[in-house]
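Read off the chains here:
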Amino acid sequence: LPPPTALLFPSSPQEAYCGYAIILMALLWCTEALPLAVTAFFPVILFPMMGIMDASEVSVEYLKDTNILFVGGMLVAIAVEHWNLHKRIALRVLLIIGVRPALLILGFMLVTAFLSMWISNTATTAMMLPIAQAVLEQLHKMPMGKDVEEGRNNPAFELQEPSTQKEETKLDEKDNKQDHPVPPAPSKPSMQQNKEQLHFNQGMSLCVCYSASIGGIATLTGTTPNLVLQGQVNSIFPQNANVVNFASWFGFAFPAMVILLFLSWLWLQVLFLGFNFRKNFGLGDEMREQERAAFDVVRREHKLLGPMTFAEKAVTILFILLVVLWFTREPGFFTGWGNLAFSDKDGKSMPSDGTVAIFIAVIMFIVPSKIPGLTQDPGKPGKLKAPPALLSWNVVKEKMPWNIMILLGGGFALAKGSEASGLSTWLGDKLTPLESVPSPAIAFILCLLIATFTECTSNVATTTLFLPILASMAQAICIHPLYVMLPCTLSASLAFMLPVATPPNAITFSFGGLRVTDMARAGFMLNIIGVLVITLAINTWSIPMFDLHTFPSWAYSNATASCWVSQANTTTPRP
């Protein structure tokens, strides 16, 4: 191992300056002494003054193709939320699955995970929790209560779409009690019933926030760390053949998400419902009336939505078109439309996933929300009024999280500065002793480290700080960079133990009925399960998908010249 003085004092002052900038930003991101987006602007100030990069070069990093993909994906998600399409999907799935205890938890987890694949996990949690509370209220009431018979609306369903500012802050307890009234306790229940109901309530609340975090890992735009990975790979390894795109990420992460979601459902069921699976699946006659009452709540709220409007149908069609275009642009296993119609001289697709997202988003600003010609202008009798478009800029201004876009850019600037200053190369050289450690062990230990670190720090900040270091390490010890970068990116979403770990956890905790120990007890085992599932994914189906058994040519640099020799002399692949 190198002496401490060599670690503290690199050979070049630029390396030390860049290391200082990274440490300073890491401290500010961990403590949140400044807003995360404000800290992300530090490279614009520090790198030119330290002689690391020109100001114009740093500024370019803040609006790369990955940022455009984020903006386009968020615009489509905002349209889905604005027209309440996500609520219709959620209620419809719950009607299909039913309200028996184990199946109810599974239903909420499936719906929440699916919605979180496409829209913000914070918005998904904020929408699903009131629905869960309303259903639980009916399950714990006397059967066929007065409000069910009269068909009254349940106040817990009065959903309010959270603004961007509200998503960034913890919900105020007083406001939460006004917006989401705590369900009244059942009349004169036994102590055993009280305990079972409390456990069921806790399991339902946690299943929503956990599945929101799990669902986000399945798609490239599902959660911001996935986009950080794509941007870092494209920035650090510009010669890579667009190896991380929507289709390749989905093929790798979606099976891992499904396995993790299923195991999480089993764990939550055992932890909060017990081992009486006959009762959990509602095979007995108990709770039949209460289940019918809860089912009536879901059915009534679905009926109140009415038939699908023209706007909902238009958003659905455009959303499906977006997903199809993402999958077929450059899938890799067959020639995509990007390779056929818009290829460069090397046959690669010139449009990116960001191009597709912005294209669909622009269409949403053009397509009307109602069939044109049927709306009368109240101010001008006899004249027709043009209906509003599916998306308006006023709606986008309120709901677009611009701070995340800046945070992404700050991470890309850090990675570029590390490369330009030589810090990445220096750090990679210091990590060469890890070459003697088996690759699966390295990946497993790094996953545990990231999963622990992300409990106390923003998952975006975690991936932004660690991915450039992992890329340098992979180059130094001659393993495929994605072999360590992919699992660590997924591990950054394993924030299950603390209320402050991620916004969905904070929202769930603010609803009441949970202690920190309850969340930590359930989340600790989920972290372990998550790390094991990710380790399984990176050592099985991801190897042929990304060709992880070889060191890629696009990852070679001056520092990895020895990899040519080791690659030629090695018969057994490292991973």
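For the structure, check the block above.
Residues numbered from 1 in each chain as written. Predicted model: local features only at pLDDT ≥ 70, side-chain atom pairs only at ≥ 80, totals over all residues. Heavy atoms only, no water.

K.L.:
How should the pattern of salt bridges be read in this particular structure?
P.N.:
For the coordinates displayed, the defined rule picks out six salt bridges. In this structure, K64 and E61 form a salt bridge, with 3.4 Å as the shortest nitrogen-oxygen distance. According to the relative accessible area criterion, E61 is buried, its value standing at 5%. Note that R515 and D518 form a salt bridge whose closest N and O atoms lie 3.3 Å from each other. Exposure remark for R515: the relative accessible area of 55% places this residue in the exposed category. When its relative accessible area of 3% is taken as the criterion, D518 is described as buried. Through salt bridges that share partners, R515, D518 and R521 make up one connected network. (Salt bridge = Lys/Arg side-chain N within 4 Å of Asp/Glu carboxyl O. Buried < 20%, exposed > 50% of the residue type's maximum accessible area, 1.4 Å probe, protein only.)

K.L.:
Explain the packing of helix 14 (residues 224-236) against helix 22 (residues 402-421) to me, please; I cannot follow it from the model alone.
P.N.:
For the pair helix 14 and helix 22, interaxial distance at closest approach is 10 Å and the crossing angle is 30°. As summarised for this structure, helix 14 and helix 22 are arranged roughly parallel, according to the angle between their axes. In this structure, helix 14 meets helix 22 at a crossing whose hand is right-handed. Each of T224, L227, V228, G231, Q232, S235 and I236 in helix 14 lies in contact with helix 22, whose residues at this interface are I404, L408, G411, F412, A415, K416 and E419. (Axes fitted to C-alpha atoms, helices over the stretch in contact; angles between N-to-C directions. Helix = DSSP H or I, 4+ residues; strand = E, 2+ residues; numbered from the N terminus. Parallel < 35°, antiparallel > 145°, perpendicular 65-115°, else oblique. Left-handed = near helix turned anticlockwise from the far one by under 90°. Contact = heavy atoms within 4.5 Å.)

K.L.:
I'm lost on helix 8 (residues 101-116) in this one. Help?
P.N.:
Helical geometry: 3.6 residues make up each α-helical turn, so side chains three or four residues apart lie on a common side. Taking 1.5 Å of rise per residue, 16 residues should cover 22 Å, and helix 8 covers 22 Å from first to last C-alpha, within 8% of that figure. In terms of burial, helix 8 is largely enclosed, as twelve of its 16 residues are buried. For helix 8, the complete set of buried residues consists of P101, A102, L104, I105, G107, F108, M109, V111, T112, A113, L115 and S116. (Expected span 1.5 Å × (residues − 1).)

K.L.:
What exactly am I supposed to notice about empty space enclosed by the protein here?
P.N.:
Where empty space is left can be seen by rolling a probe of water-molecule size over the atoms. All chains considered together, the criterion is met by four cavities of 30 Å³ or more. In this structure, the largest cavity encloses a volume near 80 Å³. Together, 13 residues line the largest cavity, and N121, S213, N459, S493 and T502 are the ones closest to its centre. When grouped by side-chain class, the residues that make up the lining of the largest cavity number four nonpolar, nine polar and no charged. Of the voids in this model, the second largest cavity is the one considered here, and its volume is about 50 Å³. Mapped by element, the contributors of at least two residues to the lining of the second largest cavity are helix 22 and helix 25 (459-477). Looking at which element gives the most residues to the lining of the second largest cavity, the answer is helix 25, with four residues. (1 Å grid on protein atoms, 1.4 Å probe; cavity = no way out; pocket = protein on both sides within 12 Å on 5 of 7 lines; lining within 4 Å. Points joined across faces, edges and corners; volume = space filled by probe spheres on them. Nonpolar A, V, L, I, M, F, W, Y, C, P; charged D, E, K, R; others polar.)

K.L.:
How should helix 7 (residues 85-97) be read in this particular structure?
P.N.:
For helix 7, spanning 13 residues, the distance from its first C-alpha to its last is 19 Å, which sits close to the expected 18 Å at 1.5 Å a residue. Residues of helix 7 that are buried: L85, H86, K87, R88, A90, L91, L94 and L95. The first or second residue beyond helix 7 is G98, which carries a positive phi of 100°.

K.L.:
What exactly am I supposed to notice about unusual backbone geometry here?
P.N.:
Glycine aside, negative phi is the norm for most residues, and most peptide bonds take the trans geometry. One non-glycine residue, N242, adopts positive backbone phi at about 50°. Residue placement: N242 occurs in the loop between helix 14 and helix 15 (246-273). Unlike most non-glycine residues, D547 shows phi in positive territory, near 55°. Relative to the helices and strands, D547 is located in the loop between helix 29 (542-546) and helix 30 (562-569).

K.L.:
How do you make sense of the packing of aromatic side chains when you look at a structure like this?
P.N.:
Any two aromatic rings considered together are summarised by their centre-to-centre distance and by the angle between their planes. Taken as a whole and assessed by the stated rule, the structure comprises 18 aromatic pairs. Plain terms: the ring middles of W118 and F319 are 5.1 Å apart, the flat faces sit at 90° to each other, and that makes the pair edge-to-face. Linking W118 in the loop between helix 8 and helix 9 (121-140) with F319 in helix 18 (residues 310-329), this pair joins segments that are 201 residues apart in sequence. A single burial state applies to W118 and to F319, both of which are buried. (Phe/Tyr/Trp six-rings, centres within 6.5 Å; stacked < 30°, edge-to-face > 60°.)

K.L.:
Hey, could you run me through the side chain of N240 in this one?
P.N.:
Within the element layout of this structure, N240 appears in the loop between helix 14 and helix 15. Polar side-chain contacts of N240 include one of 2.6 Å to the backbone oxygen of F237. Only 3.0 Å separates the side chain of N240 from the backbone nitrogen of V243, close enough to count as a polar contact. Not counting the four nearest positions on each side in its chain, N240 is found in contact with V233, N234 and W554. (Polar contact = N/O pair within 3.5 Å; in protein donor to acceptor, adjacent residues only side chain to side chain.)

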